[in-house]
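The lines below spell out each chain.
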Amino acid sequence: MQEHFSMKRRSPDSDCAPDAPGSARARILNAAFDVLRAHGYSATQTREIAARAKVSKRDIYSEFGNKDGIFAALIAARAEKMRRPATEPDVGSRGAFAATLQRVGVAILEQLYDPAVISMFRLAIASAEDAPEMARILDRNAFQPNRRAMGEMMSAAIEAGVLAGASP
């Protein structure tokens, strides 16, 4: 099975340590991606995800709660990669801030043009009528956090005086 999503997981013992590619969590997410892409959101069943990932349904429910939790984890991991350069902007000078903006732009483009991300967007659009929760999950776990991070980055630049404006 191809690894579609490189995941990071927060645990009480580690500060966002990456999952091993063959870990149960990574296998579940990759299996879920394959099943979602093949059947659409409404027809996806955790039973098939569990079989493909070679885990029990209990493992899925304890890790993600439900199908929405799996989809949210898929979306959140990619959104975090887009937002990462914006979370610690260098606002020491206009040049440093310009370099930060360039890193943010590259991170966004790398994610938006990734075939796995394009597939997830297509899936969300195709499932919009039958599964409007996909759009809410996408908004809550990707769009809102990314917009918030960009606003905070712009606010930091305004406060530092390297960007003119009253409001991001």
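Keep in mind that this is a model prediction, so the values were computed, not measured.

Peer 1: Is there a simple way to explain unusual backbone geometry in this structure?
Peer 2: With glycine set apart, most residues show a phi of negative sign, and most peptide bonds adopt trans. Positive phi is not limited to glycine here, since Lys54 has a value of about 60°. Here Lys54 lies in the loop between α2 (46-53) and α3 (57-64). On the basis of relative accessible area, Lys54 is assigned to the exposed category, the value being 69%.

Peer 1: It is not clear to me how the side chain of Lys67 should be interpreted in this structure. Could you clarify?
Peer 2: By the secondary structure assignment, Lys67 is in helix α4 (residues 67-87). It turns out Lys67 is buried and unbridged, and the closest side chain with the opposite charge, Glu133, is 6.0 Å from it. Setting aside anything within four residues of it in sequence, one finds Lys67 in contact with Tyr41, Ser42 and Thr44.

Peer 1: Please explain empty space enclosed by the protein as it appears in this structure.
Peer 2: Unfilled space is identified by rolling a water-sized probe across the atoms. Per the stated rule, a full pass over the model turns up 1 cavity of 30 Å³ or more. Empty space within the largest cavity amounts to approximately 120 Å³. As for the largest cavity, its lining consists of 13 residues, and the residues nearest its centre are Ile75, Arg78, Val117, Phe121 and Leu138. Contributions of two or more residues to the lining of the largest cavity are made by α4, α6 (115-126) and α7 (133-160). When grouped by side-chain class, the residues that make up the lining of the largest cavity number 11 nonpolar, 1 polar and 1 charged.

Peer 1: For this particular structure, what's the right way to read the confidence of the model for the protein?
Peer 2: Model confidence for the protein is summarised by a mean pLDDT of 83, while 88% of its residues fall at 70 or above. Confidence, expressed as mean pLDDT per element, reaches its minimum in the protein at α6 with 83 and its maximum at α2 with 95. A low-confidence stretch, residues 6-18 stays under pLDDT 50, and its non-local contacts, those more than four residues away or across chains, total 20 contacts.

Peer 1: Would you mind going over the nonpolar core with me for this structure?
Peer 2: In a soluble, globular protein the nonpolar side chains are often hidden away together inside. Formed by 30 residues in total, the largest nonpolar core has its most connected members in Ile28, Ile49, Ile70, Phe71 and Met120. If you list the elements that add at least two residues to this core, you get α1 (24-43), α2, α3, α4, α6 and α7. Top element by residues in this core is α1. It accounts for 8 residues. Phe71 has contacts with Leu36, Tyr41, Met120, Met134 and Ile137, leaving out every residue within four places of it along the chain. The next biggest cluster of nonpolar side chains, apart from the first, holds 8 residues, and it includes Ala86, Val91, Phe97 and Ala157.

Peer 1: Sorry if this is basic, but what is going on with the pattern of salt bridges here?
Peer 2: Pairing between side chains of opposite charge can happen when their charged atoms approach one another. By the definition in use, this model includes 6 salt bridges. Put simply, Arg147 and Asp139 hold a salt bridge, and the shortest N to O gap is 3.2 Å. The exposure class assigned to Arg147 is exposed, which follows from its relative accessible area of 51%. The exposure class of Asp139 is partly exposed, given its relative accessible area of 25%.

Peer 1: What exactly am I supposed to notice about the packing of α1 against α6 here?
Peer 2: A pair of packed helices is characterised by two quantities: the angle between their axes and the separation of those axes. α6 packs onto α1 with a crossing angle of 30° between their chain directions and a minimal axis gap of 10 Å. It follows that α1 is roughly parallel to α6 by the angle criterion. You can see that α1 and α6 cross each other, and the crossing is left-handed. Touching Phe33, Leu36, Arg37, Gly40 and Tyr41 of α1 are Ala116, Ser119, Met120 and Leu123, all from α6. Its residues placed into classes, the contact of α1 with α6 shows 6 nonpolar, 2 polar and 1 charged.

Rules used in this analysis
- Residues numbered from 1 in each chain as written.
- Predicted model: local features only at pLDDT ≥ 70, side-chain atom pairs only at ≥ 80, totals over all residues.
- Heavy atoms only, no water.
- Helix = DSSP H or I, 4+ residues; strand = E, 2+ residues; numbered from the N terminus.
- Buried < 20%, exposed > 50% of the residue type's maximum accessible area, 1.4 Å probe, protein only.
- Lys, Arg positive; Asp, Glu negative; His and termini not counted.
- Salt bridge = Lys/Arg side-chain N within 4 Å of Asp/Glu carboxyl O.
- Contact = heavy atoms within 4.5 Å.
- 1 Å grid on protein atoms, 1.4 Å probe; cavity = no way out; pocket = protein on both sides within 12 Å on 5 of 7 lines; lining within 4 Å.
- Points joined across faces, edges and corners; volume = space filled by probe spheres on them.
- Nonpolar A, V, L, I, M, F, W, Y, C, P; charged D, E, K, R; others polar.
- pLDDT = per-residue confidence, 0-100.
- Core = buried A, V, L, I, M, F, W, Y, C linked by side-chain atoms within 4.5 Å.
- Axes fitted to C-alpha atoms, helices over the stretch in contact; angles between N-to-C directions.
- Parallel < 35°, antiparallel > 145°, perpendicular 65-115°, else oblique.
- Left-handed = near helix turned anticlockwise from the far one by under 90°.

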